[in-house]
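Remarks on the overall topology
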Amino acid sequence: MNEVSFPGFNLILNVSRYAFQVASVNIYNYAVCIVLGVITALVFARISKNKLEIEFDDILENMIYALIFGVIGARLYYVLFNLNQYISNPLEILNFRDGGLAIYGGLILGSISLCISLKIKKTNILDFFDRIVPYVAIAQAIGRWGNFFNIEAYGIETSSIFRMGILKNGIYSEVHPMFLYESVLNLILFFILIKMQSKRKFKGQVLLGYLIGYSMFRMILESFRIDSLMIFNFRVSQILSIIIFIITIMIYFVLNRKNSAKADN
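To start, this report covers the structure provided alongside it. If you're wondering where the values come from, they're calculated on a predicted model, not measured in any experiment.

**Describing the environment of V35**
Here V35 lies in helix α1 (residues 29-47). Along the backbone, V35 and A45 are ten residues apart, and their C-alpha atoms lie at a distance of 15 Å.

Below, the structure written as structure tokens:
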């Protein structure tokens with residue numbers, strides 16, 4: 001057990017990395033949070049009103065491929081920018097249970113595999129993404145709590161009321177709980193996207209809304225993290241977020257203007 005506190009709220013918690021055992025194998029809370037996130041996303045996708053002619057069975061079938069390749073992509077992305085850690089012990093690359101997944105890697109490879117699957121099945125790609133991205137956001141909101149149980153993905157020291165007290169290598173510090181910030185922002189993004197989905201004006205609008213929203217708060221939050229993946233002296237996820245934000249917001253305004261022009265004619 002590790003003690004984690006939130007001094008601003010007089011809250012002290014005993015946190016374990018392990019949820020339970022199956023045949024003497026420890027199941028990590030990190031994995032439980034990810035699974036809960038996926039299940040919650042699928043439940044919302046199942047009960048939500050479908051206005052985009054994408055049935056739940058199609059979502060379930062295609063998302064199996066996306067999840068498998070998403071996890072692989074998340075791991076490869078993390079390993080790629082931590083090569084020194086794995087060169088001497090390459091078998092550790094397969095050790096998913098201790099964490100070490102990067103969401104951008106998962107989104108990239110998962111999306112590529114999904115596009116290939118949708119192309120083969122002749123399903124409209126933009127309609128499909130517009131249908132599922134709100135649930136990706138809520139899955140991320142829940143999955144981020146895996147970082148809490150692993151006591152990772154935290155930020156620089158702070159005196160904020162939201163500060164989190166942790167003990168690392170025998171040293172106590174009060175830091176920004178970045179996992180909590182991102183979890184809350186993803187939850188807010190989920191509600192915004194659900195609203196956007198119900199009033200979609202053009203194909204790809206909800207997808208672009210997700211990319212704009214997530215990249216915007218991710219590039220801000222990344223500035224406060226102390227465990228960012230780095231290339232030289234640059235934060236990889238922050239640079240990627242800036243690029244995605246600029247490109248997608250430009251595309252959004254162009255498509256929105258075209259849609260408005262059509263509506264006026």
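Moving on from the coordinates now.
**Quick notes on the pattern of salt bridges**
What the rule picks out here adds up to eight salt bridges. For R163, the salt bridge identified is with E174, shortest N-O distance 2.7 Å. Here R163, found in the loop between α6 (145-150) and β5 (164-168), pairs with E174, found in strand β6 (residues 171-175); they are eleven residues apart in sequence, far enough to count as distant. Residue classification places R163 among the buried residues on the basis of a relative accessible area of 17%. Close ionic contact of R218 with E222 constitutes a salt bridge, the shortest N to O distance being 2.8 Å. As far as the burial class goes, R218 and E222 line up, both buried. The structure contains a network of salt bridges with shared partners spanning D127, D130, R200 and K203.

**Remarks on a negative patch on the surface**
Taken together, the side chains of E53, E55, D57 and D58 define an acidic patch exposed on the protein surface. With respect to the helices and strands, the residue D58 is situated in helix α2 (residues 56-80). Here D58 falls in the partly exposed class, since its relative accessible area comes to 32%.

**Quick notes on helix α5 (residues 125-143)**
The α-helix winds at 3.6 residues per turn, so residues separated by three or four positions along the chain end up facing the same way. Helix length check: α5 (19 residues) gives 25 Å between terminal C-alpha atoms against 27 Å at 1.5 Å per residue, within 8%. Along α5, the sharpest change in direction is near 35 degrees and occurs at I132; proline P134 comes one to four residues later. Counting buried positions along α5 yields 15 of 19 residues, so the element is predominantly enclosed. Taking the backbone nitrogen of L126 as reference, a side-chain oxygen 3.2 Å away marks N124 as the first, capping residue of α5.

**What to know about the packing of α5 against helix α8 (residues 205-221)**
Between α5 and α8, whose axes approach to 7 Å, the crossing angle comes to 35 degrees. On α8, the residues touching L126, F129, D130, V133, P134, V136, A137 and Q140 of α5 are Q205, V206, L207, Y210 and Y214. In terms of residue class, the contact of α5 with α8 is made up of ten nonpolar, two polar and one charged.

**Brief notes about the pairing of strand β3 (residues 18-22)**
Side chains on a regular strand alternate between the two faces of the sheet. Relative to strand β4 (residues 25-28), β3 runs antiparallel, the two being bridged by four bridges. Of the residues in β4, the one forming a bridge with Y18 is Y28. Between β3 and β4, which follow one another and run antiparallel, lie two residues, and A23 among them has a positive phi close to 50 degrees.

Cut-offs used in this document
Residues numbered from 1 in each chain as written. Predicted model: local features only at pLDDT ≥ 70, side-chain atom pairs only at ≥ 80, totals over all residues. Heavy atoms only, no water. Helix = DSSP H or I, 4+ residues; strand = E, 2+ residues; numbered from the N terminus. Salt bridge = Lys/Arg side-chain N within 4 Å of Asp/Glu carboxyl O. Buried < 20%, exposed > 50% of the residue type's maximum accessible area, 1.4 Å probe, protein only. Patch = residues over 30% accessible without salt bridge, like charges linked within 9 Å, V, L, I, M, F, W, Y side chains within 5 Å. Areas by Shrake-Rupley, 256 points an atom, 1.4 Å probe, with all protein chains shown as cover. Lys, Arg positive; Asp, Glu negative; His and termini not counted. Charge placed at Lys NZ, Arg CZ, Asp CG, Glu CD. Expected span 1.5 Å × (residues − 1). Bend = angle between axes of the 7 residues up to and from the residue. Polar contact = N/O pair within 3.5 Å; in protein donor to acceptor, adjacent residues only side chain to side chain. Axes fitted to C-alpha atoms, helices over the stretch in contact; angles between N-to-C directions. Contact = heavy atoms within 4.5 Å. Nonpolar A, V, L, I, M, F, W, Y, C, P; charged D, E, K, R; others polar. Pairing = 2+ DSSP bridges.

Note that all results are geometric; they support no functional claim without further evidence.
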